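As a plain string of letters, each chain reads:
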Amino acid sequence: MILQTIQQHYPAALPSSIFAAKSLALVKEKYGLPPEQILLANSMCSDDVNNIEYPQEARAMLGPFNLGGLNGYPFTGITGMAAFAKHVPDEGAAMVFFAPHIGISEDGSVGKILRVGQHNTSSCCGAMVLALSRLQDGTIYQPNNAKNPLDYQQQTLEEIVVQEKEAILTAVNPIKEATEKVYEATANTINALVKNTVFTGKYIIVMGAIIINSDRQHGSFLALRKFDVLDANTKALLGSYTL
Ligand SMILES: [Zn+2]
C-alpha cells in the first residue's frame, strides 16, 4: 500500500533494503566483489531519519565516509573526496552514493513524514522545504550576497534552488521539482569530484538516487537514477546498470 503511494511519485522506487541487496548482488556477480571489499561514501542529508531508516544490508560495506550535509549536497568537496579515495582496498572498489531525500507520508503528502516519538508530521527534507518557502515568499538567499558562515550549507542549497526559480515555481509539485534540481546539481558536482580525484582500488561505483523517506512504520525507499561502474585508474565506463 505505502509502496503504491510512493511509486505514484517515483515509479522506480524500491524499499531501501531491497535496493541495497540488489545493488550488492549485482556488483558481486559482475565484478566478483563482496561488500567487505567496497568502501562506501554517502552523499546524503544529515537528517537523523536517514540513519534511522538506513538499510541494514548497506552496513556490510566498509565505511561510510560522509560527503554530504544538508540534502546530500557533497559539501566536503575535493578534499573530502580525495581523503575517501585514498582509503579504498587495493583489490576492491569505491562506491560513491549520492541522493537528495524527500518525505512522502502515508496519506500521500509530499515533503512531510511522521517521525519516531512524534504525533504530528514534520517537513522532510527540512532544508529543502525551507528553501522552497523562501523562494516562494522572496526571502531566499541571493547568490551575489556574502554567505553567512553560520548558515553556509543552507545558503548553498538556496543558491542552487534560486537559479531554477522558474522551473520550480511553475511545476505541478514544486518540492519534487526542487529535489530534482538538487539531484542534478549534486550529480554534476559528484562527477567533477570523481573526475578530479585519484583513487586506490580497482573500481569506482557511482550510484545516484532519490531517497524517499516515509512515516516511521514504513521506513525508506530508493529510486535509482544512475548506477555506473568505472575503472579506478582510467575512469573509463565499464558498465551502466538498472535494478
Ligand atoms: Zn534533509
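The coordinates are above.
Cut-offs applied
- Residues numbered from 1 in each chain as written.
- Predicted model: local features only at pLDDT ≥ 70, side-chain atom pairs only at ≥ 80, totals over all residues.
- Heavy atoms only, no water.
- Helix = DSSP H or I, 4+ residues; strand = E, 2+ residues; numbered from the N terminus.
- Rg over C-alpha atoms; globule rule 2.2 N^0.38 Å.
- Contact = heavy atoms within 4.5 Å.
- Lys, Arg positive; Asp, Glu negative; His and termini not counted.
- Charge placed at Lys NZ, Arg CZ, Asp CG, Glu CD.
- Donors = N, O, S within 2.8 Å, 3.2 Å for Na, K, Ca; no water.
- Buried < 20%, exposed > 50% of the residue type's maximum accessible area, 1.4 Å probe, protein only.
- Salt bridge = Lys/Arg side-chain N within 4 Å of Asp/Glu carboxyl O.
- Axes fitted to C-alpha atoms, helices over the stretch in contact; angles between N-to-C directions.
- Parallel < 35°, antiparallel > 145°, perpendicular 65-115°, else oblique.
- Left-handed = near helix turned anticlockwise from the far one by under 90°.
- Nonpolar A, V, L, I, M, F, W, Y, C, P; charged D, E, K, R; others polar.
- Pairing = 2+ DSSP bridges.

*Asks:* For this particular structure, what's the right way to read the overall build of the chain?
*Replies:* Regarding its fold elements, the chain presents eight helices and 10 strands. Here the C-alpha radius of gyration of the chain, 18 Å, is about what a compact globule of 243 residues would show, namely 18 Å. Dimensions along the principal axes, computed over C-alpha positions, put the chain at roughly 50 × 45 × 30 Å. Summarising the internal contacts of the chain: among those between residues at least 6 apart in sequence, 68% fall at separations of at least 24. Across the chain, the centroid of the 18 positively charged side chains sits 3 Å from that of the 22 negatively charged ones.

*Asks:* Help me understand the coordination of the zinc ion in this model?
*Replies:* The expected angle between donors at a tetrahedral four-coordinate metal is 109.5 degrees. At an octahedral six-coordinate metal it is 90 or 180 degrees. Every protein donor of the zinc ion is accounted for by Cys45 (SG), His101 (NE2) and Cys125 (SG), and the metal-donor separations fall at 2.0 to 2.3 Å. Donor residues for the zinc ion sit on one chain with the sequence pattern C-x55-H-x23-C. Taken together, the positions of cysteine 45 in the loop between strand 2 (38–44) and helix 3 (49–52) and histidine 101 in strand 5 (residues 101–103) put the pair 56 residues apart, joining distant regions of the chain. The exposure classification of cysteine 45 matches that of histidine 101, with both residues buried.

*Asks:* Is there a simple way to explain the side chain of lysine 176 in this structure?
*Replies:* Within the secondary structure, lysine 176 sits in helix 8 (residues 174–195). For the buried residue lysine 176, which engages in no salt bridge, the nearest side chain bearing the opposite charge is glutamate 180, 6.9 Å off. Residues contacting lysine 176, with those up to four places away along its chain left out, are His9, Tyr10, Ile102 and Val110.

*Asks:* Which parts of the structure should I look at to understand the environment of threonine 5?
*Replies:* Within the fold, threonine 5 resides in helix 1 (residues 2–9). With relative accessibility at 14%, the residue threonine 5 sits in the buried group. Every residue in contact with threonine 5, bar those within four places of it in the chain, is listed here: Ile104, Ser105, Glu106 and Gly108.

*Asks:* Where do I start with the packing of helix 5 (residues 126–137) against helix 6 (residues 152–162) in this structure?
*Replies:* The description of two helices packed together rests on the angle between their axes and the distance between the axes. Contact geometry for helix 5 and helix 6: axes closest at 10 Å, N-to-C directions at 55°. In terms of orientation, helix 5 and helix 6 fall into the oblique class. Both helix 5 and helix 6 take part in a crossing whose hand is right-handed. Facing helix 5, whose interface residues are Ala127, Met128, Leu130, Ala131, Arg134 and Leu135, helix 6 presents Gln154, Leu157, Glu158, Val161 and Val162. When grouped by side-chain class, the residues that make up the contact of helix 5 with helix 6 number eight nonpolar, one polar and two charged.

*Asks:* Looking at this structure, I do not really get the pairing of strand 9 (residues 220–231). What am I missing?
*Replies:* For a regular strand, side-chain orientation follows a simple rule: the groups alternate between the two sheet faces. The element strand 9 is extensively covered by neighbouring structure, given that nine of its 12 residues are classed as buried. Where strand 1 (residues 14–15) and strand 9 come together, two bridges link them in antiparallel fashion. Opposite proline 15, over in strand 9, you have phenylalanine 221 as the bridge partner. Note: strand 8 (residues 203–213) against strand 9, 11 bridges, orientation antiparallel. When the sheet's bridge partners are listed, isoleucine 212 is paired in strand 9 with phenylalanine 221. Linking strand 8 to strand 9, which pair antiparallel, is a turn of six residues; within it glycine 219 sits at a positive phi near 75°. In this sheet, strand 10 (residues 237–240) lies alongside strand 9 in antiparallel orientation, the contact comprising three bridges. Bridging across to strand 10, aspartate 228 finds its partner in serine 240. Count of turn residues in the strand 9/strand 10 antiparallel hairpin: five residues, of which lysine 235 carries a positive phi of about 65°.

*Asks:* Please explain the pattern of salt bridges as it appears in this structure.
*Replies:* For side chains of opposite charge, pairing can occur when their charged atoms come near one another. Enumeration over the complete set of coordinates arrives at 10 salt bridges. Between arginine 115 and aspartate 47 there is a salt bridge, with the nearest N and O atoms lying 2.9 Å from each other. Pair noted here: arginine 115 is in the loop between strand 6 (112–113) and strand 7 (122–123) and aspartate 47 is in the loop between strand 2 and helix 3, with a separation of 68 residues, a long-range link. As far as the burial class goes, arginine 115 and aspartate 47 line up, both buried. Arginine 115 is paired through a salt bridge with aspartate 48; the nearest N and O atoms lie 3.8 Å apart. Placement of arginine 115 in the loop between strand 6 and strand 7 and of aspartate 48 in the loop between strand 2 and helix 3 is noted, with a sequence separation of 67 residues between them. When its relative accessible area of 15% is taken as the criterion, arginine 115 is described as buried.

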